[in-house]
Amino acid sequence: MDTAFTAKKEWEIASQELTFTDKLGEGASAKVYKAKYKGEVVAVKIIKTDPDEAGGPKVDIKKLVRDFTQECEIMSKISAPHVLKFYGALTSPKVCIVME
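The structure displayed is predicted, hence computed values, not measured ones. (Residues numbered from 1 in each chain as written. Predicted model: local features only at pLDDT ≥ 70, side-chain atom pairs only at ≥ 80, totals over all residues. Heavy atoms only, no water.)

A. Quick look at the packing of aromatic side chains. Here the structure, examined in full by the defined rule, presents two aromatic pairs. An angle of 85° between the planes, with centres 5.7 Å apart, marks the rings of Phe20 and Tyr33 as edge-to-face. Here Phe20 is found in strand 1 (residues 18-26), whereas its partner Tyr33 is found in strand 2 (residues 30-37), with 13 residues between them in sequence. For Phe20, a relative accessible area of 39% gives the class partly exposed. Here Tyr37 and Tyr87 contribute two aromatic rings whose centre-to-centre distance is 6.0 Å and whose plane-to-plane angle is 75°, an arrangement assigned as edge-to-face. Residue Tyr37 is located in strand 2, and its partner Tyr87 is located in strand 4 (residues 86-90); the two are separated by 50 residues in the primary sequence. (Phe/Tyr/Trp six-rings, centres within 6.5 Å; stacked < 30°, edge-to-face > 60°. Helix = DSSP H or I, 4+ residues; strand = E, 2+ residues; numbered from the N terminus. Buried < 20%, exposed > 50% of the residue type's maximum accessible area, 1.4 Å probe, protein only.)

B. Up close: the pairing of strand 2. Strand direction decides the pairing type here: strand 1 and strand 2, joined by seven bridges, are antiparallel. Following the sheet pairing, Gly25 is matched in strand 2 by Val32. Following strand 1, the chain reverses through three residues before pairing antiparallel with strand 2. Sheet topology places strand 2 next to strand 3 (residues 40-47); eight bridges connect them, and they run antiparallel. Opposite Val32, over in strand 3, you have Lys45 as the bridge partner. Between strand 2 and strand 3, which pair antiparallel one after the other, the connecting turn spans two residues, and Lys38 there sits at a positive phi close to 50°. (Pairing = 2+ DSSP bridges.)

Here it is in structure tokens:
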């Protein structure tokens, strides 16, 4: 079994740590919500993985999670004044990223 899907990464957030408040917007590939995470107001971008919802062909969820995981690994190492703060991400039950 591929450990990229089973081992918890240092940047992974449990879904119960987020409290969603308002929907901020929606695009072709994602929905964005305002939420609270450890007392901080954050933006949560939920990637559309359902083909009916995304309006496109069937999504290869394993490839999506693998690519998403690689992106999160990189983002978790970046800290710069002109880059949004990366708090973490979820890969289950939904694929989403948590940022300032």
